[in-house]
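# Overview (structure and organization)
So you can see what is in the structure, the chains are spelled out below.
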Amino acid sequence: MGQRIFFGALLIIMLVGLIAADMWLSAYALADMGTSFGPVSSPRHWLIGLPFAVIAVTLVVAATFELGALCRAGGYRPVTAWAAFVGAGLVLLPWMQMQERLAPEHATWLKLGIPLELLWLMGGFIGTAIIVLGRRVTERATSSLAIALLMMVYIGLLGSFMLRVRCLDPAPAGAVLLAYTILTIKSSDIGAYFTGRAFGRRKLVPWLSPGKTVEGAVGAVVFAAGVGVLGMWLWGRFGTNLGDPPLNYPQAFVFGALMAITGHFGDLVESVIKRDVGSKDSGVVVPAFGGLLDVLDSLLIASPFAWLMLTIVAGMR
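Remember, predicted model here, so these are calculated numbers, not experimental data. (Residues numbered from 1 in each chain as written. Predicted model: local features only at pLDDT ≥ 70, side-chain atom pairs only at ≥ 80, totals over all residues. Heavy atoms only, no water.)

Let's shift gears to the pattern of salt bridges. Taken as a whole, this structure holds 7 salt bridges when the rule is applied. Arg 164 is the partner of Glu 117 in a salt bridge, and the nearest nitrogen-oxygen pair spans 2.4 Å. Highlighted residues: Glu 117 in helix α4 (residues 116-134) and Arg 164 in helix α5 (residues 141-166), separated in sequence by 47 residues. Residue classification places Glu 117 among the buried positions, given a relative accessible area of 13%. (Salt bridge = Lys/Arg side-chain N within 4 Å of Asp/Glu carboxyl O. Helix = DSSP H or I, 4+ residues; strand = E, 2+ residues; numbered from the N terminus. Buried < 20%, exposed > 50% of the residue type's maximum accessible area, 1.4 Å probe, protein only.)

Laid out in structure tokens, this is it:
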């Protein structure tokens with residue numbers, strides 16, 4: 001437990017450092033713009049959200065290769081490198097689209113009239129088909145196509161919503177909003193872990209994840225809902241330079257509960273994949289936690305719901 005707490009705290013410190021860098025660069029870039037959106041006279045707009053964009057692409061590529069290794073261990077033949085390339089493009093698109101909104105005089109892709117994600121995914125699948133055909137082997141060709149598409153959508157497309165949350169506001173508040181989302185999602189893991197250890201009796205899904213309990217799931221929801229409310233209180237109390245909190249307290253409570261439920265579901269999705277290939281952890285990259293996917297699993301499923309709630313309920317665009 002001590003090792004888990006230590007490395008968990010280390011990850012939080014790294015996140016805080018990333019937020020600080022993103023906030024500083026965003027403030028620096030916006031200093032002479034006068035507004036968050038609209039025609040931009042400064043060439044520095046590309047610095048906005050850049051730290052999170054770089055980290056997001058790095059994590060998506062690394063996680064794709066990790067999933068590819070898992071699938072190979074299970075006897076499959078995934079098209080990993082190509083899937084990682086497509087996934088990197090998918091996760092980078094929200095940042096690129098934000099740049100076009102910041103500098104509309106250079107906006108070209110937004111005028112196509114079709115979602116870029118759809119075009120990129122289409123190209124990704126066609127490229128996968130070409131690679132599989134180039135192998136000139138029919139054995140496991142279907143699984144190769146399916147797994148490549150799984151990696152593109154599961155890691156690349158779903159992972160892009162973390163950056164979409166950041167890009168809801170190009171100002172430093174956007175970085176804080178993403179940090180709030182990540183911490184709320186991961187706090188459900190903390191709540192589930194400690195509540196399950198202390199009070200866990202009834203198995204939640206014994207056929208898939210024997211360690212998860214009903215009591216742990218309840219603790220995850222309660223803890224994440226509390227963190228969601230606390231985050232908005234701290235925003236209103238100390239974040240006056242960030243603008244008004246995007247959620248009121250009831251909305252923040254629902255947000256936290258939703259992050260816990262969807263994050264728990266994300267953990268189960270990854271468990272299905274790991275059980276299929278006969279692995280307990282997705283890797284050994286993160287001490288005491290396992291692989292990157294073991295850390296990102298809840299974020300991948302929960303972040304699209306976070307983006308939906310922030311856009312629909314909070315009215316952010």
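Moving on: helix α7 (residues 214-238). Given a rise of 1.5 Å per residue, 25 residues ought to cover 36 Å, and the 36 Å separating the end C-alpha atoms of α7 matches this to within 8%. When α7 is considered as a whole, its buried residues turn out to be Glu 215, Gly 216, Ala 217, Gly 219, Ala 220, Ala 224, Ala 225, Gly 228, Gly 231, Met 232 and Trp 235. Tucked into the core, α7 has its buried residues touching α6 (172-199), β1 (203-205), β2 (209-213) and α8 (249-277). (Expected span 1.5 Å × (residues − 1). Contact = heavy atoms within 4.5 Å.)

What follows deals with the packing of aromatic side chains. What describes a pair of aromatic rings is the distance from one ring centre to the other and the angle between the planes of the rings. Under the counting rule described, the total for this entry stands at 7 aromatic pairs. An angle of 0° between the planes, with centres 5.5 Å apart, marks the rings of Trp 24 and Tyr 28 as stacked. Highlighted residues: Trp 24 and Tyr 28, both in helix α1 (residues 2-30), separated by 4 residues, approximately one helical turn. On the basis of relative accessible area, Trp 24 is assigned to the exposed category, the value being 56%. Residue class for Tyr 28 comes out partly exposed when judged on its relative accessible area of 36%. Grouping aromatic residues by their ring pairs yields a cluster made of Trp 82, Phe 85 and Trp 120. Above the ring of Phe 161, the side-chain terminus of Arg 164 is found at 5.4 Å from the ring centroid. (Phe/Tyr/Trp six-rings, centres within 6.5 Å; stacked < 30°, edge-to-face > 60°. Lys NZ or Arg CZ within 6 Å of the ring centre and 35° of its normal.)

Glancing now at the environment of Ala 175. Within the secondary structure layout, Ala 175 lies in helix α6. The class for Ala 175 is buried, based on a relative accessible area of 0%. Separated by 12 residues in sequence, Ala 175 and Leu 163 place their C-alpha atoms 9.5 Å apart.

So, on to the environment of Trp 95. Mapped onto the fold, Trp 95 is located in helix α3 (residues 80-102). A C-alpha to C-alpha distance of 7.1 Å links Trp 95 and Gly 49, two positions 46 residues apart in sequence. Apart from the residues within four sequence positions on either side, Trp 95 is in contact with Trp 46, Ile 48, Gly 49, Leu 50, Ala 53, Leu 163 and Cys 167.

As a further point, take the confidence of the model for the protein chain. Put simply, the protein chain has an average pLDDT of 86, and 87% of its residues get 70 or more. At the low end of the mean pLDDT range in the protein chain sits α1, at 78; at the high end sits α5, at 95. Contacts of residues 35-41 to residues separated by more than four positions or lying in other chains number 19 contacts, the stretch itself having pLDDT below 50. (pLDDT = per-residue confidence, 0-100.)

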